[in-house]
Amino acid sequence: MLSINPKEISERENDTLLTCMIIPRPIAFVTTMSTEGVVNGAPFSYFNIVSANPPMLLISVQRKDGRMKDTARNIYNTQEFVVHVADHENIEKFNLASANLPSDKSELEYAKLTPVESEMVSVPGVEEAKVRLECKLVKGIPLGGINGEGPSCDLFIGEIVLVHLDEKIYDHSYIKTRELNPISRLAGPKYATIGNIFLIERPK
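Keep in mind the model is a prediction, meaning the values are calculated, not measured. Think of each chain on its own: its residues are numbered from 1, step by step along the sequence as written. The predicted origin of the model limits local features to residues at a pLDDT of at least 70 and limits the giving and counting of side-chain atom pairs to 80 or more, whereas totals for whole chains, interfaces and linings rest on all residues. Note: side-chain values were computed over all heavy atoms of the structure, leaving out hydrogens and water.

Participant: Honestly, the overall build of the chain in this entry has me stumped. Any pointers?
Facilitator: Counting from the N terminus, the helices are the DSSP runs of H or I reaching at least four residues and the strands are the DSSP runs of E reaching at least two. Counting secondary structure elements, the chain contains five helices and 14 strands. The C-alpha atoms of the chain give a radius of gyration of 18 Å, which matches the 17 Å a tight globule of 204 residues would have. The principal-axis extent of the C-alpha atoms belonging to the chain is close to 50 × 50 × 35 Å. Within the chain, buried positions represent 37% of all 204 residues. Radius of gyration here is computed from C-alpha atoms only, and the compact-globule reference equals 2.2 Å multiplied by the residue count raised to the power 0.38. Relative accessibility decides the category of a residue: with a 1.4 Å probe and only protein chains considered, values under 20% of the type maximum give buried, values over 50% give exposed, and everything between is partly exposed.

Written as structure tokens, this is what we have:
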């Protein structure tokens, strides 16, 4: 078996290995708002569940050349954000919102996504999404960086304070997977839809 020491290869090579191995990854489309009131939107696949009591999730926002992204800066400043689960119907627009725009420009406008007012946070969500999770920041942690470099990412843990669901995907506490039709991230520009679904009973 091949053995690789992550400290002996570049950051880019480590990123490629991780994103090729740890698949599929769910995609969060995250909206935030700047202190100037500009609504930012961007997709992230370093995303998952933390806890159900209370319901919490995590998102890792990678820095580019040590510079913090608008999403991270906005979350630190406002302590709020909204997470949407990327689905097949909206993935093209969500991907378009990943364009590198100036901080004073809204990716929602650029991708022609419709902002919708939230109820428990000040950050708007996206009307087109089938799942919308209003979140308040629990903790933001700058992480990474080697050889005296600054952090390479910002890890955010958010408490979900309100859940919005398309009625067509909801069934007595369960989500209809096919109706949600979520998209997962593979490596590079590769994505995947839900394939075969099978059951495995856990041992008692």
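Participant: Looking at this structure, how should I read the packing of aromatic side chains?
Facilitator: Pairs of aromatic rings are described using the distance from one ring centre to the other and the angle between the two planes. Here a pair means two rings of Phe, Tyr or Trp (six-membered ring of Trp) with centres within 6.5 Å. Their orientation is stacked below 30 degrees between planes, edge-to-face above 60, and tilted elsewhere. All told, the structure shown has two aromatic pairs when counted by the stated rule. Ring centres 4.2 Å apart and planes at 10° place the aromatic pair Phe29 and Phe94 in the stacked group. Taken together, the positions of Phe29 in strand β2 (residues 28-33) and Phe94 in helix α3 (residues 91-96) put the pair 65 residues apart, joining distant regions of the chain. Take Phe29: its relative accessible area is 0%, and that puts it in the buried class.

Participant: Which parts of the structure should I look at to understand the sheet that holds strand β3 (residues 39-44)?
Facilitator: The strands making up a sheet associate through backbone hydrogen bonding, with each pair oriented either parallel or antiparallel. In this analysis, strands are considered paired if DSSP registers two or more bridges between them. Judged by pairing direction, the sheet is antiparallel, and its seven strands sit side by side in the order β3-β2-β6-β9-β10-β5-β4 without closing on themselves. Pairing within the sheet leaves two strands with one partner each, and these edge strands are β3 and β4 (47-52). Here the strands of the sheet are splayed against their neighbours by 30° on average, with no regard to which way each runs. Bridge analysis of β2 against β3 gives six bridges, and the strand direction is antiparallel. Across the sheet, Val30 pairs through a bridge with Ala42, a residue of β3. By the convention used here, residues are in contact when the closest approach between their heavy atoms is within 4.5 Å. Geometry is summarised by axes, namely lines fitted to C-alpha atoms with helices restricted to the contacting stretch, and by angles between N-to-C directions that run from 0 to 180 degrees. Sitting on the sheet, helix α2 (residues 70-78) is in contact with β2, β3, β5 (55-62), β6 (80-85), β9 (131-143) and β10 (153-165), with an inclination near 55° to β2.

Participant: Could you clarify how one ought to interpret the sheet that holds strand β14 (residues 191-192) in this entry?
Facilitator: Ordered in space as β1-β13-β14, the three strands form an open sheet in which the pairing is antiparallel. Edge positions in the open sheet fall to β1 (25-26) and β14, since each of these has one partner strand only. Inspection of the sheet shows strand β13 (residues 184-185) paired to β14 by two bridges, in the antiparallel sense. Paired with Ser184 across the strands is Ala192, a residue of β14.

Fair warning: the whole summary comes from geometry, so function is off the table for now.
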